[in-house]
Amino acid sequence: MDAIGMYIHVPFCLGKCPYCDFYSVYPDENLVKEYLGAVKTRIREYSLIYKRGIKTVYFGGGTPNLIGHKGISEILNEIKENFNTENTEEITVECNPNSVTEEFFTEVKKAGVNRISMGLQSANSGELKFLGRKHSAENVLNAVSFAKKAGIENISLDLMIGLENQTKEMLLNSVEFCALLDIPHISSYILKIEENTPFAKRNIVLPDEDASAELYLFVSKELEKRGYNQYEISNYSKEGMESRHNLVYWQGKEYLGIGPGAHSFMENKRFYYERDLKAFIEGAAIVDDGEGGDFEEFLMLNLRLKRGLIKKECAEKFIDGEILFNEALKKAKKIPDMYIETDSERIAITKEGFLISNTIISMLI
Ligand code: SF4
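Enquirer: Describe the overall build of the protein chain, listing the residues and the values that go with them.
Expert: The number of helices and strands found in the protein chain is 15 helices and 15 strands. Counting only C-alpha atoms, the protein chain reaches 60 × 50 × 40 Å along its principal axes. Considering only contacts in the protein chain between residues 6 or more positions apart, those separated by 24 or more positions represent 70%.

This is the structure we're talking about:
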């Protein structure tokens, strides 16, 4: 059986960024202790149900570094004691650039962490202020150099596109900042106003769809000029440095999510934990989210990737995979070349197509 991805949701933040919809609460010592206990219990319970190897581990949040290197190590040790981690390829920790130290990176490296992901969002102080971020570009620079000193070279930074009054020059400054840090991976998202966030209640004027699309294509071009190849709608990497964990999601493979708000996909079933830390600590049951893993879902996920949907993989995964692929191919051929590339073995969305990927996918299914 294939090895799986494991996602640990660490639901703690020191404040709430006004655009953010992720589940998090303010940490205190007791809460962190109880949370760690609950995560370890879930790891043990799952290991009795799923006898699988672990391909990747991803600590996301929230702000995972707030549980300290000891918290990260405790969880990793529990995973190692209960699952086969002999062939684990990647262990990532998301970090907040202004609350990490050199010691943190040194210690998590010893525990097995080999990848760090940080939210830079922008290298421009005005944009960071607009986003309510508490860090500066200099904090990111220091955090990257701490991580590298500790021997963790596989670092990803997040960039935000489509901010209020954002210009190409501002974006170029952020792109150049990342390139100068010589990190191998960049995620670049268009800002969306999520319901029930402070941004949703303010009268914020973001660039319109056309302007955001122009900025998206601009960033993509500038990143590619600097050796970052786009491999997914919002993700770029140097050769061979794609996020192994996120590829688990996009290739329709299985993963276990542990923590309040974390989602899982195992043995064709989807389930999740409520966004409620207290309930998670008290042992709340998982919530059934129905069946998953059908062809439509596989198509939708794979078309997020630049390489696209591959006929051979469809045939291996589904009894009628080749027929379903050929049906999608017929429909894809009616979409203008500007948005989609096809040959007899593959369907892939182009850069321009990524901007209207939902429309394209609904035309194919
Ligand atoms: S953006 Fe990150 S740091 Fe800010 S509230 Fe959301 S999870 Fe926390």
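Enquirer: Would you mind going over the pairing of strand β2 (residues 54-61) in detail, with residue names and values included?
Expert: Of all 8 residues in β2, 8 are buried, a share of seventy percent or more. As defined by bridge partners, strand β1 (residues 4-10) adjoins β2 across 7 bridges and the pair is classed as parallel. Bridging across to β2, histidine 9 finds its partner in glycine 60. Each parallel crossover has a hand, and the one from β1 via helix α1 (residues 29-49) to β2 is right-handed. For β2 and strand β3 (residues 90-95), the ladder comprises 4 bridges, and the chain directions are parallel. Each residue of the ladder has a partner; that of phenylalanine 59, found in β3, is valine 93. Taken together, β2, helix α2 (residues 68-82) and β3 form a β-α-β motif whose crossover is right-handed.

Enquirer: Describe the site of the ligand, listing the residues and the values that go with them.
Expert: All residues adjacent to the ligand are Cys13, Lys16, Cys17, Cys20, Phe22, Ser24, Gly61, Gly62, Thr63, Asn96 and Gly119. Of the residues belonging to the shell around the ligand, the class tally is 4 nonpolar, 6 polar and 1 charged.

Enquirer: Please set out the pairing of β1 residue by residue, giving values where relevant.
Expert: Among the 7 residues that make up β1, 7 are buried, leaving the element largely enclosed by the rest of the structure. Along β1, one buried face is formed by Ile4, Met6, Ile8 and Val10 and the opposite face, lined by Gly5, Tyr7 and His9, is buried too. Bridge count between β1 and strand β9 (residues 255-258): 4 bridges; the pairing is parallel. The partner of methionine 6 across the bridge, within β9, is leucine 256.

Enquirer: Can you tell me about helix α3 (residues 102-111), naming the residues and giving the values?
Expert: Burial in α3 covers these residues: Phe104, Phe105 and Val108. Along α3, the residues classed as buried sweep out an arc of 95 degrees about the axis, all on the same side. Exposed side chains of α3 directed beyond 90 degrees from the buried face belong to Glu103 and Lys110. Buried residues along α3 sit in contact with α2, β3 and α5 (137-149). The first or second residue beyond α3 is glycine 112, which carries a positive phi of 120 degrees.

Enquirer: How would you summarise the domain arrangement of the protein chain if you had to cite specific residues and measurements?
Expert: Per the domain assignment, the segments of the protein chain are domain 1 (4-249) and domain 2 (294-365). Here the C-alpha centroids of domain 1 and domain 2 sit 28 Å apart. With 9 residues of domain 1 at the contact, the number on the domain 2 side is 8 residues. Of all the secondary-structure elements, those providing two or more residues to the side of domain 1 that touches domain 2 are α8 (209-225) and β7 (229-232).

Enquirer: Residue-level account of unusual backbone geometry, with values.
Expert: In the segment running from glycine 61 into glycine 62, the intervening peptide bond is cis, with an omega of 15 degrees. Inspection of the secondary structure puts glycine 62 in the loop between β2 and α2. Located in the positive-phi region is asparagine 165, a residue other than glycine, with phi close to 60 degrees. Within the secondary structure, asparagine 165 sits in the loop between β5 (155-161) and α6 (168-181). The residue asparagine 268 is not glycine, and still its phi comes out positive at about 65 degrees. Tracing the backbone through its elements, the reader meets asparagine 268 in the loop between β10 (263-266) and β11 (269-272).

Enquirer: I'd like a rundown of the environment of alanine 213, residues and numbers included.
Expert: Relative to the helices and strands, alanine 213 is located in helix α8. Spatially, the C-alpha atom of alanine 213 lies 6.6 Å from that of leucine 355, the residues being 142 residues apart in sequence.

Enquirer: I'd love a proper account of the sheet that holds strand β13 (residues 309-310), names of residues and values included.
Expert: With respect to topology, 3 strands assemble into an open sheet ordered β13-β15-β14, the strand pairing being antiparallel. Edge strands, defined here as strands with exactly one partner in the open sheet, are β13 and β14 (340-343). Relative to strand β15 (residues 346-349), β13 runs antiparallel, the two sharing 2 bridges. Among the inter-strand pairings, isoleucine 310 is bridged to a residue of β15, identified as arginine 346.

Enquirer: Tell me about α1, and please be specific about residues and values.
Expert: For α1, with 21 residues, the first-to-last C-alpha span of 31 Å sits near the 30 Å given by 1.5 Å per residue. Every buried residue of α1 is accounted for by Tyr35, Ala38, Val39, Arg42 and Ile43. Around the axis of α1, the buried residues are gathered within 145 degrees of arc, so they sit on the same side. Relative to its buried face, α1 has exposed residues pointing more than 90 degrees away, namely Glu29, Asn30, Gly37, Arg44 and Leu48. On its buried face, α1 sits against β1, α2, β9 and α10 (277-281).

Rules used in this analysis
Residues numbered from 1 in each chain as written. Predicted model: local features only at pLDDT ≥ 70, side-chain atom pairs only at ≥ 80, totals over all residues. Helix = DSSP H or I, 4+ residues; strand = E, 2+ residues; numbered from the N terminus. Contact = placed C-beta atoms within 7 Å. Buried ≥ 20, exposed ≤ 12 C-beta atoms within 10 Å, placed from the backbone. Pairing = 2+ DSSP bridges. Right-handed = clockwise from strand over helix to strand, strands pointing away. Near = placed C-beta within 6 Å. Nonpolar A, V, L, I, M, F, W, Y, C, P; charged D, E, K, R; others polar. Arc of directions from axis to C-beta. Domains from an automatic or database assignment. Expected span 1.5 Å × (residues − 1).

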